[in-house]
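Secondary and tertiary structure notes
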Amino acid sequence: MESHANTSISGNVPAVEVNDLTVAYHEKPVLWDIDLVVPQGVLMAVVGPNGAGKTTMMKSILGLIKAAAGDVRILGEPYDQVRRRVGYVPQRGSVDWDFPTTVLDVVMMGSYGSLGWFKRPGRQQREKASAALERVGMEKFAHRQISQLSGGQQQRVFLARALLQEAEVYFMDEPFQGVDATTERAIIAILKDLRKANKTVIVVHHDLQTVPEYFDWVTLLNVRRIASGPVEEVFTDENLRAAFGGKVGFLTKHGHDEHHDASHPVSPEANVPEAGS
Amino acid sequence: MNPLDIFTDYTLRTVSLGAALLGIVSGGLGSFALLRKQSLMGDAMSHAALPGIALAFLFTGSKAPLVLLLGAAIAGWLGTWFVMQVIRKTRVSQDSAMGIVLSVFFGLGLVLLTFIQKLPTASQAGLDKFLFGQAATLMEKDVITMAVLGLPALLLMGVFWKELKLLSFDREYGDTLGFAMQKMDLLLTAMLVVAIVIGLQTVGVVLMSAMVVAPAAAARQWTDRMGGMVVLASLFGAISGVSGAVLSATMENLPTGPTIVVVLSVVVFGSMIFAPRRGLLFNYVRSRRNSQRLQVRAVLEDLYMLSLQHAGEKRPHPVQTLRAMSWGHGGVERSLRELEERKWVTQLPGGWVLTTAGELQAQQHAGEEKS
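What you see is a predicted model; the values in this text were computed from it and never measured.

What to know about the overall build of chain B
Broken down by element type, chain B carries 17 helices and two strands. Based on the C-alpha atoms only, the size of chain B along its principal axes is roughly 100 × 55 × 35 Å. Pairs at least 24 apart in sequence give 69% of the contacts found in chain B among residues at least 6 apart. Carbon together with sulfur atoms contributes 67% to the accessible area of chain B, which is approximately 17500 Å² in total. Taken as two groups, the 31 positive and 24 negative side-chain charges of chain B have centres that lie 3 Å from each other.

Quick look at the packing of aromatic side chains
One pass over the full model with this rule turns up 10 aromatic pairs over all chains. With centroids separated by 6.1 Å and ring planes inclined at 90°, the aromatic side chains of Trp 117 of chain A and Phe 160 of chain B adopt a geometry described as edge-to-face. Of this pair, Trp 117 of chain A sits in the loop between helix 5 (112-115) and helix 6 (123-135) while Phe 160 of chain B is found in the loop between helix 6 (140-159) and helix 7 (161-169), placing the two residues in two different chains. With a relative accessible area of 13%, Phe 160 of chain B lands in the buried category. Here the aromatic rings of Phe 118 of chain A and Phe 160 of chain B are separated by 5.3 Å at their centres, their planes lie at 55°, and the arrangement is tilted.

Regarding the pairing of strand 1 (residues 16-25) of chain A
All names here are of chain A. Where strand 1 meets strand 2 (residues 28-38), seven bridges bridge the pair, whose relative direction is antiparallel. Note on strand 2: the bridge partner recorded for Leu 21 is Ile 34. Hairpin geometry of strand 1 and strand 2 is characterised by an intervening segment of two residues between the two adjacent antiparallel strands and by a positive phi of about 45° at His 26. Pairing of strand 1 with strand 4 (residues 69-74) involves five bridges; the strand directions are antiparallel. Residue pairing in the sheet places Thr 22 in a bridge with Ala 69 of strand 4.

Here's the deal with the side chain of Thr 102 of chain A
Here Thr 102 of chain A shows up in the loop between strand 5 (86-89) and helix 4 (103-108). With a relative accessible area of 10%, Thr 102 of chain A lands in the buried category.

Some thoughts on the pattern of salt bridges
Counted under the stated rule, the structure contains 21 salt bridges over all chains. For the salt bridge of Asp 96 of chain A with Lys 37 of chain B, the shortest nitrogen-to-oxygen distance reads 2.9 Å. Pair noted here: Asp 96 of chain A is in the loop between strand 5 and helix 4 and Lys 37 of chain B is in the loop between helix 1 (10-35) and helix 2 (39-60), and the two residues belong to different chains. Across the pair Glu 163 of chain B and Lys 162 of chain B runs a salt bridge, and its minimum N-O distance is 3.0 Å. Taken together, the shared-partner salt bridges connect Asp 98 of chain A together with Arg 220, Asp 224, Arg 277 and Arg 278 of chain B into one network.

Re the interface of chain A and chain B
The partner chain B presents 29 residues to the 35 residues of chain A that form the contact. Roughly 2900 Å² is buried in total at the junction of chain A and chain B, and carbon and sulfur atoms are behind 61% of that figure. The largest contributions to the chain A side of the interface with chain B come from Phe 99, Pro 100 and Trp 117 of chain A, which together make up 24% of the buried area. Viewed at the interface, chain B and chain A are joined by six salt bridges. Of the charged contacts, one joins Asp 98 of chain A and Arg 278 of chain B as a salt bridge, the two residues approaching to 2.8 Å between their closest N and O atoms. Seen at the junction of chain A and chain B, the total is 16 residue pairs in polar contact (both at pLDDT 80 or more). Contributions of two or more residues to the side of chain A that touches chain B are made by helix 4, helix 5 and helix 7 (151-163) of chain A. Looking at the side of chain A that touches chain B residue by residue, the class counts come to 18 nonpolar, nine polar and eight charged.

Each value, and the rule that gives it
- Residues numbered from 1 in each chain as written.
- Chains lettered and ligands numbered in written order.
- Predicted model: local features only at pLDDT ≥ 70, side-chain atom pairs only at ≥ 80, totals over all residues.
- Heavy atoms only, no water.
- Helix = DSSP H or I, 4+ residues; strand = E, 2+ residues; numbered from the N terminus.
- Contact = heavy atoms within 4.5 Å.
- Areas by Shrake-Rupley, 256 points an atom, 1.4 Å probe, with all protein chains shown as cover.
- Lys, Arg positive; Asp, Glu negative; His and termini not counted.
- Charge placed at Lys NZ, Arg CZ, Asp CG, Glu CD.
- Phe/Tyr/Trp six-rings, centres within 6.5 Å; stacked < 30°, edge-to-face > 60°.
- Buried < 20%, exposed > 50% of the residue type's maximum accessible area, 1.4 Å probe, protein only.
- Pairing = 2+ DSSP bridges.
- Salt bridge = Lys/Arg side-chain N within 4 Å of Asp/Glu carboxyl O.
- Buried area = accessible area lost by both parts, 1.4 Å probe.
- Polar contact = N/O pair within 3.5 Å; in protein donor to acceptor, adjacent residues only side chain to side chain.
- Nonpolar A, V, L, I, M, F, W, Y, C, P; charged D, E, K, R; others polar.

Just geometry here; none of it tells us what the structure is for.
In structure tokens form, the structure reads like this:
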């Protein structure tokens, strides 16, 4: 609690600070010497080609993947000490949606952290979960079995679950991946709400077109950190080419001319779905 | 003996109590194994337990249930630990790792068992009941041992209910919330070892994994809630355990494990077929009904197309034409009769023709398909 008071006084503590983060799988580096400073109150996209280590970076910041080296601070503290102030939306494909449980029950998992060991969620948690479901437009689905949801609805359930954590820093892994228009709008509305409340949101994102529209901060990643900063400064053709190699046939700065860069060979890799990076 | 002696006969009562207890524990904990897609782990564990039983007897010379089960638990745990290490440290896949551990430990167990049987001491006889199970040998002290081990496992399941749900549904999320999922995993594995070990004397190492997997798989068919699944799996486990144990205890030369598994199979197949929503019968009826509805609609639309080709002229079309248009799918006549019942088509001497209402209906369908 003490640390909480500290940060609210000195509001310039970065939301996330990463130094020299290196991660390797079977001796092959997937993240190399990453430095990152994310100020509080920004919506940040993490973009990069498949296998660039976007998900890996997020997971190693959250301690889910062991880093070979490096130091991570969230709100100026080691992650372990500020867990309660950090929310997480995993890729929706990472769980079994045929699990025997209801939408409301999944959302209530967002309250488990504040409940601590042994204690079961009660009426208060149920009410909060209902409110979170309403925020994502899923209140009618509260008592549905989760296997009956569409992909977009699954995503909104995960979002509602994270909202229940009432965190200050949110990590979201590909929330826009393969969702319908309703869900996309719902996610954007939530992101804007969170920014208004001065929360920080870090989103692994794959759609370069929408980066300037949805986000104000961006990190370009390809094993190494290519660039990181405000979108208008950092999201340039040059940086994108550095991150994606010559593969980018869909750079955004030139409006709707999606294939202006046809002189560069478009690698087939650019269309391969991300394999657990 | 008569199975109904369960109410009066002391031995049968003991046997039933033991079988019910192990059914409840293994069914409940087996649900978590199933949800975590680790059903085969139970098989590896139970086979791995055999050398533990043999070694416990060799070292202590005792056949006290607690001693033998402790040996079984240690060996079962060791086997599981071995599987986990192989998965983590090598690139061998989980199923291969389990296959290796299962066969190596079980083979070792058989060798030790054969060795023990050749020993001159008379007291060794009876260890082979751990292969296929012998419910009739269950005594009060065995049941007490089972309760002492099994009830705490059930209690822990209740205490850590929400943590176990996190572990089973979304382990990484649980980690980010600050719950040590690795520790929960170890705890659940230990509980599963207990569930298996207490059934070894009754069901045997060869078939014990059925008591872990089958009740849970059957229960999943009937319910969409984790709580319901655990309760139902316990119930199925208890019913199968008791009926199998009583049948085998009252008949000569009927090993308990296989008998229980036969009863379990009935429960599982029944659940696969008859369960609402997930059952095969339900799905068959539903898809049958859907395809019938689609077929009726297709015939209506075919007639509509024909009428369009004849510019609204109310001309009958023979059933052969419609049959050709439906690509040889049967049931055209049945569909026509159903359409006739709804007064959307009528039969004229030269064949079938749409009524005005039928034409409207077909137009509506066409509109739906465009939008």
